[in-house]
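# Chains, contacts and geometry: an overview
Here is how the chains run, residue by residue.
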Amino acid sequence: MDFSIVAIASSVLGLLLAALLALTLRKVPASEGAELWAVAVVPLGIGSFLVGQGESLPALLLVLREPVLLAGYGLLLIGLRQYLHRSRPWALAGCVVLAALAASAAFVAAWPSQPGRMMVRQAGIAVLMTAAALTLRHVDGSLVREVRLFLQGAFGCIAALALGRFALFLLPGGWSEERLFFFHDLAGMVTTMLVIGVIAGLTLLMTSRMNEALAEVSLRDGLTGLLNRRGLEDAAASALAFARRVGRPVALLTMDLDHFRTVNERYGHPGGDEVLRQFAHLLADRFADQELVGRHGGEEFVVVLPGVDGPSALARAEHFREAVAAHPFAVGPDPAVRITVSIGVAALSAHESWGSLLARADEAMYAAKTQGRNCSRLAPAPAAEPQASLAGGVA
């Protein structure tokens, strides 16, 4: 069976996909390394053409054939590692190409052997594609999971085909020459189509990660980097549902910077923004990753504390309030602006909604504002449980 027409059509399709990828890169930010996926088609195409010429090539081209082809596979791996910001992206691919060059030279000049050069080619492909499949372990996120699995499958199939072709040369007796060439031609065609699938998959990976980044941006506050109102509501809904399912307490802190209008009047809105950024950094440092921290709007911030009851949340609020009061905020020429915060605390009651919990915490925060500011207040439960208090700023 002649696979030449299919191979040619696949090569043309690969070139078109590479051109489409190169055009796409002009519109995609943060795509370092992805340009190498398009460049990889060049050595892959040249190497495949040289392989198709068989043993009629001059000795120099026979030496360069395997390294050139492996350079194309290596560029796919290097681009992937650069795109995912992995360390030493060139190391493995460079070693494989150099080793292939040395081995090919030996199998042309010292020990002429066509099977030896084919084994070098297949071993190199297997190593590079296995490394690419393993590199994809570092890709996470629900929006890219399917693309990651597709790419891992494609890279794995290419590696498996290469290992199978390598193993044929080691089997005693082996197949008939006609059957052997048929298998190699078929495996070569399938590998070419898989490479096209890889290029398409890498393009999808890039666009999926961009969409995931856009989704993340839509849930984050542009000034502070904390969750915005929408992000808080989505994350809080999950946290409250899980807490009810397992019978776990949840507490909510709402906090508002005291006399923030005065800061804006004295230092201007850029100065006020700088205070908000520093406050958000302090807030993120003081609360653990599993606790939800966000900016609810203006100078109001919210913290959801899973697994924390009302009195414990009140103590946490007091510790943070004291830390804010002692923290020097650098604003413009003034290196030590003093800021205070009023905090409302509410503990989740059975069957209570997020809106109700937030409203009770807000009421407690406004009570702190009206009772002198720079203090924390715990909201009474809907069933009118007695309000807890701490000395030193807590009623």
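Cut-off values and rules
Residues numbered from 1 in each chain as written. Predicted model: local features only at pLDDT ≥ 70, side-chain atom pairs only at ≥ 80, totals over all residues. Heavy atoms only, no water. Helix = DSSP H or I, 4+ residues; strand = E, 2+ residues; numbered from the N terminus. Buried < 20%, exposed > 50% of the residue type's maximum accessible area, 1.4 Å probe, protein only. Contact = heavy atoms within 4.5 Å. Areas by Shrake-Rupley, 256 points an atom, 1.4 Å probe, with all protein chains shown as cover. Phe/Tyr/Trp six-rings, centres within 6.5 Å; stacked < 30°, edge-to-face > 60°. Pairing = 2+ DSSP bridges. Axes fitted to C-alpha atoms, helices over the stretch in contact; angles between N-to-C directions. Parallel < 35°, antiparallel > 145°, perpendicular 65-115°, else oblique. Nonpolar A, V, L, I, M, F, W, Y, C, P; charged D, E, K, R; others polar. Polar contact = N/O pair within 3.5 Å; in protein donor to acceptor, adjacent residues only side chain to side chain. Core = buried A, V, L, I, M, F, W, Y, C linked by side-chain atoms within 4.5 Å.

Assigned secondary structure in the chain consists of twelve helices and seven strands. Per-residue burial for the chain yields a buried fraction of 45% across its 395 residues. Pairs at least 24 apart in sequence give 69% of the contacts found in the chain among residues at least 6 apart. Carbon and sulfur atoms provide 63% of the accessible area of the chain, an area that totals close to 19400 Å².

Time to look at the packing of aromatic side chains. All chains considered together, the criterion is met by four aromatic pairs. Ring plane angle 70° and centroid distance 5.4 Å describe the contact between Trp 37 and Tyr 83, whose orientation is recorded as edge-to-face. Of this pair, Trp 37 sits in helix α2 (residues 35–39) while Tyr 83 sits in helix α4 (residues 59–83), and the two are 46 residues apart along the sequence. Note on Tyr 83: relative accessible area 4%, which makes it buried. Judged by centre distance (5.6 Å) and plane angle (55°), the ring pair of Phe 287 and Phe 320 falls under tilted.

Moving on to the pairing of strand β4 (residues 328–331). Side-chain alternation along β4 places Phe 329 and Val 331 on a buried face and Pro 328 and Ala 330 on a face that remains uncovered. Of the strand pairs in this sheet, β4 and strand β5 (residues 334–338) are connected by three bridges, and their pairing is antiparallel. Within the sheet, the bridge partner assigned to Phe 329 lies in β5 and is Val 337. Between β4 and β5, which pair antiparallel and follow one another directly, the connecting turn spans two residues, one of which, Gly 332, has a positive phi of 55°.

Right, let's talk about unusual backbone geometry for a bit. One non-glycine residue, Arg 88, adopts positive backbone phi at about 45°. With respect to the element layout, Arg 88 can be found in the loop between α4 and α5 (91–110). Judged by relative accessible area, Arg 88 falls into the exposed class, the value being 69%. Positioned with a positive phi, His 259 is a non-glycine residue whose angle comes to about 50°. Looking at the secondary structure, you find His 259 in the loop between β1 (250–257) and α10 (260–286).

What follows deals with the packing of α4 against helix α6 (residues 114–135). At a minimum axis separation of 9 Å, α4 and α6 run at an interaxial angle of 0°. Here α4 lies roughly parallel to α6, going by the angle between them. Within the contact between the two elements, α4 uses Leu 62, Arg 65, Glu 66, Leu 69, Leu 70, Tyr 73, Gly 74, Leu 77, Leu 80 and Arg 81 and α6 uses Arg 117, Val 120, Arg 121, Gly 124, Ile 125, Leu 128, Met 129, Ala 131, Ala 132 and Thr 135. Taken together, the residues of the contact of α4 with α6 sort by class into twelve nonpolar, three polar and five charged.

In this section: the pairing of strand β3 (residues 300–306). By the criterion of burial, β3 is predominantly enclosed, with seven of the seven residues buried. Of the two faces of β3, the one carrying Glu 300, Val 302, Val 304 and Pro 306 and the one carrying Phe 301, Val 303 and Leu 305 are both buried. Here β1 runs beside β3; their pairing, made up of seven bridges, is antiparallel. Residue pairing in the sheet places Val 250 in a bridge with Pro 306 of β3. Two elements, strand β2 (residues 292–297) and β3, share five bridges in a ladder whose sense is antiparallel. Bridged to Arg 295 within β3 is Phe 301. Once β2 ends, the chain turns through two residues before running back antiparallel as β3, passing Gly 298 with a positive phi of about 55°.

Attention shifts here to the side chain of Thr 254. Along the chain, Thr 254 turns up in strand β1. Since its relative accessible area comes to 0%, Thr 254 is described here as buried. Polar contacts involving the side chain of Thr 254 include one to the main-chain carbonyl oxygen of Ala 361, which spans 3.1 Å. Among all residues touching Thr 254, those that are not within four sequence positions of it are Glu 300, Phe 301, Val 302, Ser 342, Ile 343, Gly 344, Leu 358, Ala 361, Asp 362 and Met 365.

The subject of this paragraph is the nonpolar core. Within the largest apolar cluster, 43 residues are counted, with the highest numbers of intra-cluster contacts made by Tyr 73, Leu 80, Phe 155 and Leu 205. Among the elements of the structure, α2, α3 (41–52), α4, α5, α6, α7 (145–168) and α8 (177–218) are those that each provide at least two residues to this core. The element that contributes the greatest number of residues to this core is α4, accounting for nine residues. Every residue in contact with Leu 205, bar those within four places of it in the chain, is listed here: Leu 80, Tyr 83, Leu 136, Val 139, Val 144, Val 147 and Leu 151. Core analysis: the second largest hydrophobic core is formed by 33 residues, Val 275, Leu 283, Phe 301 and Val 337 among them.

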